[in-house]
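# Summary of structural features
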Amino acid sequence: MADENAGSRPGGYGQSGQAPKIKNKNAAAVQITAEQLIREAYSRQGTMQKAPRQKVLDGEELSDYQMRRRREFEEGVRRNRSNIGEWLRYAAWEEGQGEVGRARSVYERALDVDGRNQTVFIKYAELEMKNKNIALARNLYDRAVTTLPRVAQFWQRYTYMEELLGNIAGAREVFARWMRWEPEEAAWAAFIRFETRYGEIGNARALWERAVDVHPEPRVWLKWARFEEDRGDAESARRVFGLAIDRLGESFMDQHVFISFARFETRLREYDRARAIYRYALERLPRAKSHALHSQYAAFEKQHGAARDIEDVVATKRRLHYEALVRANPADYDAWLDYAALEEEAGDVERTRDVYERAIAEYPGVAEKRLWRRYIYLWLFYALFEETRAQDVGRARAVYVACIELVPHAEFTFAKLWLQYAWFEIRSSGDLGAARRALGRAIGQSPAKDKLFRGYIELELELREFGRVRTLYAKFLEANPTSCSTWVEFARLEAALGEADRCLALFELAVEQPTLDMPELLWKAYIDFVFDSGDFQKTRALYERLLAMTDHVKVWISFARFELLAAAASDESAGSSESSENSPGGRIASGAEAARAVYERAYARMKALGLKEERLVLLEAWRDSEQNAAAAAGGDPAAVEKRMPKRVRKRRELDDGSLEEYFDYVFPDDEEQGSRFKLLAKAHMWKQQKQEQEQQQ
């Protein structure tokens, strides 16, 4: 029995409330889609039954109909008394039946239910106005504005009704009552328009004064100014703008007030006044609140200003930009430099000095040179400005001295500062003593600063004080004996002065130094000097000394080329001779033999050291040399070509067990790899023969 009851329940649920167990969970043979369900539900809805349309034929039927409808409405408002929509429908039906008294009664009952409902008041007032019950409508609006004085719609309808009836004094009184509540800006504008329509301009101005007191906002001031301008009273409009600027102050000032004021003056063709307004505003408003002001000022100057005025506009805009940058980051020295350059271009000396003074006051508080690198340029440009633009030598000297005293020379120094100061003393007063004392002090405080020595030497060279230059080079080499460039420069100076013995002595002293930063530069300069002097034996001896210290392939190649150049130089100096031994061709041939001998020595040395890539470079240079000498001295490039290696691909095992491919060079004359080379040649020959056979088949 329980199973039968469970089966008879909807969904197959039993009395326990548990879902029945489904034994067959396979999909049904016929699947039902959602579309079919919706279509079936729509088809079963049927047609909506509409109430029949009744026709009232006599007064008795009308009374029955009205009684039945009133009973329905009363039943509806009784069931849901707070449903204002039902009350409004009830009152509208009574109004449609011409029962104004009953409709008024329904509205009053609705107000008893919800005395602050705006819709009820509006519908109620419209009922009275439609039926020309003006006194009742006025009383109703009085009740509305008394109950809800902050609802602007009641006041608007009330004033509109009074104005429509021609009761201007009554409408003005209603407006005055409304203004005592200090309503929104639109209410004041409506009252002002009302007074304007009836020609009461004095009352309108008084209302504007009260409006800006209640709503001290820029847009209200602008509307008042526009009102005065529309009346054609330029002085009153100008007075309004002035009052707005005074009362709003800098805290609540808006850029659009100044823009409108300037545009007003522009429309009156008072361009000087407009320009003064723009500049006054730009000086007082911050950059963040004056973007539109800058744009309008630029457009104004482009249209009505001269070229100088346009430049002032651009400069002012950039000036404000730099002020914002340095205010955000006082240590942004690049911004300070750009700011100072802007003021220099503007030509205002005092403003430029003020910018430089503010900039140099932001000195780094830490003795780290990386923080001072950009800062020091502020002082240098400041001194140059005082010297060149301001033409004040005394202030420029004071700037240099102050900067020198400020820099912590015990930690680091700046060569450009000392050198620029020295040149300044020479330019300004021709005081060589002051310049030398400054540079001597700099070298004494920072003897390891190469730029100081080089700048001092350059100064003395321009003055042709070669004795002082020698002394400076000697001090320079005492401070830094490893600098090959300094040795070379000193030796070249002696050579230029015709002191060959001094030059050779300097080179000998330099190459004997235990430590050098660029010895190849020094040896090359030494060899070139001896070669240019024509002493080939000593040049050859220098090459031998250099090869005793290094086996670099470039030294061997340079040595071989020297032999060729020496032979050519001897040929040019000796001229033509009748003997065959001393003929030019014979000397060139002897030079080629000497160069070939050098290449042979170098090749043997590279081979002994196992330097394969260097051997390849040497062979390529040797081959080029033989090709160049083949025509004149019987060079043999083919012999060198036979020694050229072959490039083969090999594999080698790395530390982690993986294999790496690399290229190696196999030289024909390597004894260790001779057998491998022959085997490789036979393999290539066999492969070539096999390819030829396949092509023939």
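Residues numbered from 1 in each chain as written. Predicted model: local features only at pLDDT ≥ 70, side-chain atom pairs only at ≥ 80, totals over all residues. Heavy atoms only, no water.

## Some words on the pairing of strand S2 (residues 659–666)
Going by this rule: DSSP-based pairing: two strands are paired if at least 2 bridges between them are found. Secondary structure elements are taken from DSSP: a helix is a run of H or I of four residues or more, a strand is a run of E of two residues or more, and numbering for both begins at the N terminus.
As judged from the eight bridges shared by strand S1 (residues 646–653) and S2, these two strands associate in the antiparallel manner. Across the sheet, Val648 pairs through a bridge with Asp664, a residue of S2. Between S1 and S2, which pair antiparallel in sequence order, lie five residues; one of them, Gly657, sits at a positive phi of approximately 90 degrees.

## Points about empty space enclosed by the protein
Definition in use: Whether a set of points on the 1 Å grid over the protein atoms alone is a cavity depends on a 1.4 Å probe fitting there but being unable to get out, while an open set qualifies as a pocket with protein on both sides within 12 Å along at least five of seven lines; lining residues are those with an atom within 4 Å of a point. Grid points are joined across faces, edges and corners, and a volume is the space filled by probe spheres set on the points. Each residue gets one label: Ala, Val, Leu, Ile, Met, Phe, Trp, Tyr, Cys and Pro are nonpolar, Asp, Glu, Lys and Arg are charged, and the others, such as Gly, are polar.
All chains considered together, the criterion is met by three cavities of 30 Å³ or more. Estimated volume of the largest cavity: approximately 60 Å³. Looking at the lining of the largest cavity, the elements with two or more residues in it are helix H10 (185–197), helix H11 (201–214) and helix H12 (218–230). For the lining of the largest cavity, the residue count by class is six nonpolar, one polar and two charged.

## Notes on the pattern of salt bridges
We apply this condition: Salt bridge, as used here: a side-chain nitrogen of Lys or Arg that lies within 4 Å of a carboxyl oxygen of Asp or Glu.
This model, assessed by the stated rule, comprises 57 salt bridges. The residue Arg389 makes a salt bridge to Glu344 at a minimum N-O spacing of 4.0 Å. Note that Arg389 is positioned in helix H21 (residues 375–389) and Glu344 in helix H18 (residues 333–346), a separation of 45 residues in sequence. A salt bridge links Glu563 to Arg540, with the nearest nitrogen and oxygen atoms 2.8 Å apart. Of this pair, Glu563 sits in helix H31 (residues 553–574) while Arg540 sits in helix H30 (residues 536–549), and the two are 23 residues apart along the sequence.

## Observations concerning the packing of aromatic side chains
Selection criterion: Note on aromatic pairs: the rings of Phe, Tyr and Trp (six-membered ring only in Trp) are paired at centre separations within 6.5 Å, and the planes decide the class, stacked below 30 degrees, edge-to-face beyond 60, tilted for the rest. Think of it in three bands: with a 1.4 Å probe and only protein chains considered, a residue is buried below 20% of the maximum accessible area for its type, exposed above 50%, and partly exposed in between.
The final tally for this structure, using the stated rule, is 40 aromatic pairs. Between Tyr278 and Phe300 the ring centres are 5.4 Å apart and the planes differ by 40 degrees, which places this aromatic pair in the tilted class. Here the residue Tyr278 occupies a position in helix H15 (residues 271–284), and Phe300 occupies one in helix H16 (residues 291–304), the gap between them amounting to 22 residues. Each member of the pair, Tyr278 together with Phe300, is buried.

## Focus on the confidence of the model for the protein
Defined as follows: Think of pLDDT as the predictor's per-residue confidence, scored from 0 to 100. By the convention used here, residues are in contact when the closest approach between their heavy atoms is within 4.5 Å.
Averaged over the protein, the pLDDT score is 84; the fraction of residues at 70 or greater is 90%. Helix H1 (residues 2–8) is the least confidently modelled element of the protein, averaging 44 in pLDDT, while helix H9 (residues 168–179) averages 93, the highest of any element. Segment residues 1–8: pLDDT under 50, and four contacts once partners within four positions in sequence are set aside and those in other chains are kept. Confidence drops under pLDDT 50 across residues 576–582; counting only partners more than four residues distant or on other chains, this segment forms two contacts.

## Some details on the nonpolar core
Our working rule: Note on terminology: a nonpolar core comprises buried Ala, Val, Leu, Ile, Met, Phe, Trp, Tyr and Cys residues joined through side-chain atoms within 4.5 Å.
Among the nonpolar cores identified, the biggest contains 101 residues, and Trp336, Leu378, Val407, Leu417, Phe507, Leu522 and Leu618 are the most heavily contacted of them. Counting 74 residues, the second-largest nonpolar core is a separate cluster that includes Val106, Ala237, Phe241 and Leu293.

## Focus: the layout of surface pockets
Computed from the structure, the largest pocket encloses a volume of approximately 620 Å³. Taken together, 22 residues line the largest pocket, and the ones lying closest to its centre are Glu520, Lys524, Ile527, Leu546 and Val555. For the lining of the largest pocket, the secondary-structure elements that each account for two or more residues are helix H29 (519–532), H30 and H31. Counting residues per element, the lining of the largest pocket draws most heavily on H29, which supplies eight residues. Tallied by class, residues from the lining of the largest pocket come to 13 nonpolar, four polar and five charged. Its boundaries defined by the atoms lining it, the second largest pocket holds a volume of some 520 Å³. Along the walls of the second largest pocket sit 21 residues, with Glu283, Thr316, Arg319, Leu320 and Arg351 positioned nearest its centre. Residue assignment for the lining of the second largest pocket shows that the elements contributing at least two residues are H15, helix H17 (307–328) and H18. A total of nine residues in the lining of the second largest pocket trace back to one element, the largest contributor, which is H17. Of the residues in the lining of the second largest pocket, the class split is eight nonpolar, one polar and 12 charged.

## A look at a negative patch on the surface
Basically, it comes down to this: Patch rule: a residue counts if its relative accessible area is over 30% and it has no salt bridge; like charges are joined within 9 Å, and nonpolar side chains (Val, Leu, Ile, Met, Phe, Trp, Tyr) within 5 Å. Method for areas: the Shrake-Rupley scheme with a 1.4 Å probe, in which residue coverage is limited to the protein chains shown. For the charge count, each Lys or Arg is scored as positive and each Asp or Glu as negative, with His and the chain ends excluded. All charge positions are set by atom: Lys at NZ, Arg at CZ, Asp at CG, Glu at CD.
Judged by side-chain charge, Asp58, Glu60, Glu61 and Asp64 come together as a negatively charged surface patch. Checked against the element boundaries, Glu60 lands in helix H3 (residues 59–79).

## What about helix H8 (residues 152–164)?
Selection criterion: An expected span of 1.5 Å times one less than the residue number is assigned to each helix.
Its 13 residues give H8 an end-to-end C-alpha distance of 18 Å, which sits within 8% of 18 Å, the value for a rise of 1.5 Å per residue. For H8, the full list of buried residues reads Phe154, Trp155, Tyr158, Thr159, Met161, Glu162 and Glu163. Gly166 sits one or two positions beyond H8 and adopts a positive phi of about 85 degrees.

## Quick notes on the side chain of Ser483
The condition that has to hold: Polar contacts here mean pairs of N or O atoms no more than 3.5 Å apart (in protein, one a potential hydrogen donor and the other a potential acceptor; neighbouring residues in sequence count only if both atoms are side-chain atoms).
Its place among the elements puts Ser483 in the loop between helix H26 (466–479) and helix H27 (484–496). In terms of polar contacts, Ser483 uses its side chain to reach the side chain of Ser485, at 3.2 Å. Reaching out from Ser483, the side chain makes a polar contact with the side chain of Thr486 at a distance of 2.8 Å. The contacts of Ser483, once residues within four sequence positions are left out, are Arg454, Leu477 and Asp517.

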